[in-house]
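# Residue-level structural notes
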Amino acid sequence: ALTYSELAALFPRAGGQYVYLREGISPLFGYLYGWTLFTVIQTGTIAAVAVAFARFTSVFIPTLTPDVFLGWTAHLPSGDIQMGLSSQRVLAIVSVVVLTWINVRGVRTAAVLQTTLTGIKLATLAALVVLGVTLGRSHLALTANFGPVFWGGTSFVHLLPSIGAAMIGALFSMDAWNNVGFAAGELKDPKRDLAFAMVAGVCVVVVLYLLANLAYLSSLSLPAIAHAPQDRVATAALQAMFGDAGLIIMA
C-alpha cells in the first residue's frame, strides 16, 4: 500500500496500475495490462461479486437456484464446470447492468450508493464479530478448532497445501484496494487522499477479515464452515446463533 501510494503521488493521473506500468516499464506492459484488466481481471471480479450477491438473495427467494437451465457441461482437467444460465446467474447479470447504469449517471450518485452499501457491510461485519465471540461462542467449536485434538497430530508441512488453498479466498477479499489509483484524476489532492485511502483500506480489511474468521471459528465447527450451504459461512454463523432469523439478517 505504501509503494502504491508513492506511485500514485508520482503519477496522479487516471488509470492506476496502467499508468504505473506504462511509465515505469514500457507502453507495451501498460497496454497488455489494460486489456487483461478489461477482459479478465476486473470483469472476473465483478462477476464473482455479482454471483455472491445472487447467492445471498436466494436466502429470500429459494427459487433462485444455481442449477443451470440453459447451457452445457465443460469437461476440464480440474473437473466439470456447468456453463450457461441459471436463475442466480441471470440475477447477477441484472445487478451488474443496474450498477453500471447508476455509475454512468454520475460520480456523485454512485459515490452515495457505494458509501451507503459499504457502511451497511462494515456495520454488519462488526456486529457479526461481536456476536461471534460473545453470544455465539461455542465451547465445542473452540476446543475443536483451537485445541490440541485438531492440531496435535498434524505437522505444519502437511498443512501447507491447505493453507495455500485457503489463501485464495483471503487474497480475493483483500484484492482491488489498489484500484483506488484509477480515480487519481478525479481527486482534488490525490497525493494525500490516495495514500490515506490505500493504507487505511488495507488495514481495515485485514482487521475485519481476521476478526470475522475468529467469529466463525468461535461459533462453528470446521465441518460446519467447510460445508456451509453455497459457501455462505456468515449466514451459517448467525443461523447457529439465532436460527432462521439469523440467516435472514445476515443475508
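In this text, all values refer to a predicted model and were calculated from it rather than measured experimentally.

Across its full length, the chain holds 12 helices and 2 strands. Counting helices and strands in the order they occur from the N terminus, the chain gives α-α-α-β-β-α-α-α-α-α-α-α-α-α. Each of the 251 residues in the chain was classed as buried or not, and the buried ones make up 25%. Put simply, of all contacts in the chain between residues at least 6 apart along the chain, 54% involve residues at least 24 apart. Treating the 12 positive side-chain charges of the chain as one cloud and the 10 negative ones as another, the clouds have centres 7 Å apart.

On to the packing of helix α8 (residues 156-174) against helix α9 (residues 190-219). Interhelical geometry of α8 versus α9 gives an angle of 145° and a closest axis separation of 10 Å. Regarding α8 and α9, the two cross each other, and that crossing is right-handed. Each of G169, A170, S173 and M174 in α8 lies in contact with α9, whose residues at this interface are V205, V206 and Y209. Residue classes in the contact of α8 with α9 are distributed as 5 nonpolar, 2 polar and no charged.

Bringing the packing of aromatic side chains into the picture now. The full count for this structure, using the stated rule, is 2 aromatic pairs. Measuring from centroid to centroid gives 6.0 Å for Y4 and Y20, while their planes differ by 65°, and the two rings are edge-to-face. Of this pair, Y4 sits in helix α1 (residues 2-10) while Y20 is found in helix α2 (residues 17-24), placing the two residues 16 residues apart along the sequence. Pairing W35 with F38 gives two aromatic rings, centres 6.0 Å apart and planes at 85°, and the pair type is edge-to-face. You can see W35 and its partner F38 sitting in helix α3 (residues 27-57), 3 residues apart, about one turn around the helix.

Before going further, it helps to examine the confidence of the model for the chain. Confidence along the chain averages 86 in pLDDT terms, with 97% of residues attaining 70 or more. Per-element confidence in the chain is highest for helix α4 (residues 87-105), whose mean pLDDT is 93, and lowest for helix α7 (residues 148-151), whose mean pLDDT is 56.

Consecutive side chains of a regular strand alternate in pointing toward one face of the sheet and then the other. Bridge analysis of strand β1 (residues 68-76) against strand β2 (residues 79-86) gives 8 bridges, and the strand direction is antiparallel. Bridging from a neighbouring strand, V68 pairs with S86 of β2. Hairpin connection of β1 to β2: 2 residues between the antiparallel strands.

The rules behind these values
Along each chain, the written sequence defines residue order, and numbers are assigned to residues from 1. Where totals are concerned, whole chains, interfaces and linings use all residues; where local detail is concerned, this predicted model gives features only for residues with pLDDT of at least 70, and gives and counts side-chain atom pairs only at 80 or more. Side-chain metrics in this entry use all non-hydrogen atoms of the structure; hydrogen atoms and water are not considered. Put simply, DSSP marks the helices as runs of H or I at least four residues long and the strands as runs of E at least two long, and each gets a number from the N terminus on. Three labels apply to residues, based on accessible area from a 1.4 Å probe with only protein chains included: buried if under 20% of the type maximum, exposed if over 50%, partly exposed otherwise in between. Two residues qualify as a contact provided that any one of their heavy atoms is within 4.5 Å of a heavy atom in the partner residue. The charge count includes Lys and Arg as positive and Asp and Glu as negative, but it does not include His or the ends of the chains. Note that the charge is assigned to NZ on lysines, CZ on arginines, CG on aspartates and CD on glutamates. Every angle, taken between N-to-C directions, lies between 0 and 180 degrees, and every axis is a line fitted to C-alpha atoms, over only the stretch in contact when it is a helix. When the near helix sits turned anticlockwise from the far one by under a right angle, the crossing is termed left-handed; a clockwise turn instead gives a right-handed crossing. Side-chain classes are defined by residue name, with Ala, Val, Leu, Ile, Met, Phe, Trp, Tyr, Cys and Pro counting as nonpolar, Asp, Glu, Lys and Arg as charged, and the others, Gly among them, as polar. The criterion for an aromatic pair is that two Phe, Tyr or Trp rings (for Trp, the six-membered ring) have centres within 6.5 Å, with stacked assigned to planes under 30 degrees apart, edge-to-face to planes over 60 apart and tilted to the rest. The pLDDT value expresses, per residue, how confident the predictor is, ranging between 0 and 100. When DSSP finds at least two bridges between two strands, those strands are taken to pair.

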